[in-house]
Amino acid sequence: MTGLIGKSLFGALAALALSAASGQAAVLYASNVDDYTQGTGVVASRAVTAKALGAADGAFLSLGLGGSATFSFGGLFTAPGAIFEVTFGNVKKHKEAVDVFGILNGVATFIGNLTNAQNGVFNFIGKYDQLRLVDTSPFGGGSTDGYDIDAISVTPAAVPLPAGGLLLLGALGLGVASRRRRG
């Protein structure tokens with residue numbers, strides 16, 4: 001019976017180690033708004049930062065013309081990412097744009113510029129711990145409250161292989177120990 005329990009434990013720990021080393025969630029959604037500087041034209045109901053958190057649900061945060069917001073995701077992240085922008089009506093009539101910056105340990109790196117006419121997907125190289133969006137909507141472009149954010153998703157950064165390797169070695173050690181007790 002001990003051998004069967006040892007083999008089952010070994011199998012479970014090995015599976016756990018392998019999943020920790022290679023398995024990741026598909027996406028992370030913004031979990032916190034760390035900073036919000038409201039731009040011009042935002043009405044109170046569109047200035048609620050919590051509306052930009054989590055998965056897309058139709059509720060949104062407006063940056064306002066010239067406004068900005070910094071988001072965190074509960075850990076390091078990498079590309080690709082996506083911003084779910086909400087523009088009611090014709091996107092050609094309401095031109096909105098945003099500069100995207102990745103931040104790691106307080107140092108910002110420009111990633112690119114997105115408009116509401118694009119699909120919102122952005123790519124970059126590296127890992128970051130925050131994302132900063134700065135409204136660059138053109139004055140006279142038909143937008144009265146700038147870029148509108150329903151949700152932001154990014155890809156979680158991979159777990160370092162040494163951590164998964166240590167779990168796997170521990171699982172293997174338990175398997176060897178259980179065999180020695182049997183024999």
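This text gives an overview of the structure that appears in the document. Remember, predicted model here, so these are calculated numbers, not experimental data. (Residues numbered from 1 in each chain as written. Predicted model: local features only at pLDDT ≥ 70, side-chain atom pairs only at ≥ 80, totals over all residues. Heavy atoms only, no water.)

**Concerning the overall build of the protein chain**
Then, in step 1: Along the protein chain, the regular secondary structure elements total two helices and nine strands.
Then, in step 2: Its helices and strands taken in sequence order, the protein chain reads α-β-β-β-β-β-β-β-β-β-α from the N to the C terminus.
Then, in step 3: Going through the 183 residues of the protein chain one by one, you find that 38% of them count as buried.
Then, in step 4: Across the protein chain, every contact between residues at least 6 apart in sequence was considered, and the portion connecting residues at least 24 apart equals 77%.
Then, in step 5: Split by element, the accessible area of the protein chain, about 9600 Å² in all, is 63% carbon and sulfur. (Helix = DSSP H or I, 4+ residues; strand = E, 2+ residues; numbered from the N terminus. Buried < 20%, exposed > 50% of the residue type's maximum accessible area, 1.4 Å probe, protein only. Contact = heavy atoms within 4.5 Å. Areas by Shrake-Rupley, 256 points an atom, 1.4 Å probe, with all protein chains shown as cover.)

**Examining the side chain of Glu96**
Then, in step 1: Within the secondary structure layout, Glu96 lies in the loop between strand E4 (68-85) and strand E5 (97-104).
Then, in step 2: Here Ser143 takes part through its side chain, which lies 2.9 Å from a polar atom of the side chain of Glu96.
Then, in step 3: Sequence-distant contacts of Glu96, defined by excluding residues within four places in its chain, comprise Glu85, Val86, Thr87, Leu114, Thr115, Asn116, Ser137, Ser143, Asp145, Gly146, Tyr147 and Asp148. (Polar contact = N/O pair within 3.5 Å; in protein donor to acceptor, adjacent residues only side chain to side chain.)

**Remarks on a nonpolar patch on the surface**
Then, in step 1: Taken together, the side chains of Val27, Tyr29 and Phe84 make up a nonpolar region of the molecular surface, amounting to roughly 230 Å² of accessible area.
Then, in step 2: Summarising the element assignment, Phe84 is placed in strand E4. (Patch = residues over 30% accessible without salt bridge, like charges linked within 9 Å, V, L, I, M, F, W, Y side chains within 5 Å. Salt bridge = Lys/Arg side-chain N within 4 Å of Asp/Glu carboxyl O.)

**So, the environment of Val43**
Then, in step 1: Positionally, Val43 belongs in the loop between strand E2 (32-37) and strand E3 (61-62).
Then, in step 2: The spatial distance from the C-alpha of Val43 to the C-alpha of Ser62 is 8.6 Å, given a sequence separation of 19 residues.

**Some points on the pattern of salt bridges**
Then, in step 1: Within the structure shown, the criterion is met by two salt bridges.
Then, in step 2: Residue Asp35 is joined to Arg132 by a salt bridge in which the shortest nitrogen-to-oxygen separation is 3.2 Å. Within this pair, whereas Asp35 is found in strand E2, its partner Arg132 is found in strand E8 (residues 128-135), the two being separated by 97 residues in sequence.
Then, in step 3: For Arg132, a relative accessible area of 22% puts it in the partly exposed group.

**So, the packing of aromatic side chains**
Then, in step 1: Under the criterion given, the structure shown has six aromatic pairs.
Then, in step 2: Taking 4.8 Å as the distance between ring centres and 65° as the angle between the ring planes, the aromatic pair formed by Phe73 and Phe77 counts as edge-to-face. Each member of the pair, Phe73 as well as Phe77, is classed as buried.
Then, in step 3: Between Phe77 and Tyr128, the aromatic rings sit 6.4 Å apart at their centres with planes inclined by 45°, giving tilted as the arrangement. Taken as a pair, Phe77 in strand E4 and Tyr128 in strand E8 lie far apart in primary sequence, 51 residues in all. Per residue, the accessibility class of Phe77 equals that of Tyr128, and both read buried.
Then, in step 4: Ring pairs connect the aromatic residues Phe73, Phe77, Phe122, Phe124 and Tyr128, which therefore count as one cluster. (Phe/Tyr/Trp six-rings, centres within 6.5 Å; stacked < 30°, edge-to-face > 60°.)

**Points about the pairing of E5**
Then, in step 1: Burial runs high along E5: six of the eight residues are buried.
Then, in step 2: Note: E5 against strand E6 (residues 107-115), eight bridges, orientation antiparallel. Looking at E6, one finds that Leu104 is bridged to Val107.
Then, in step 3: In this structure, the hairpin formed by E5 and E6 is closed by a connection of two residues, where Asn105 is found at a positive phi of approximately 55°. (Pairing = 2+ DSSP bridges.)

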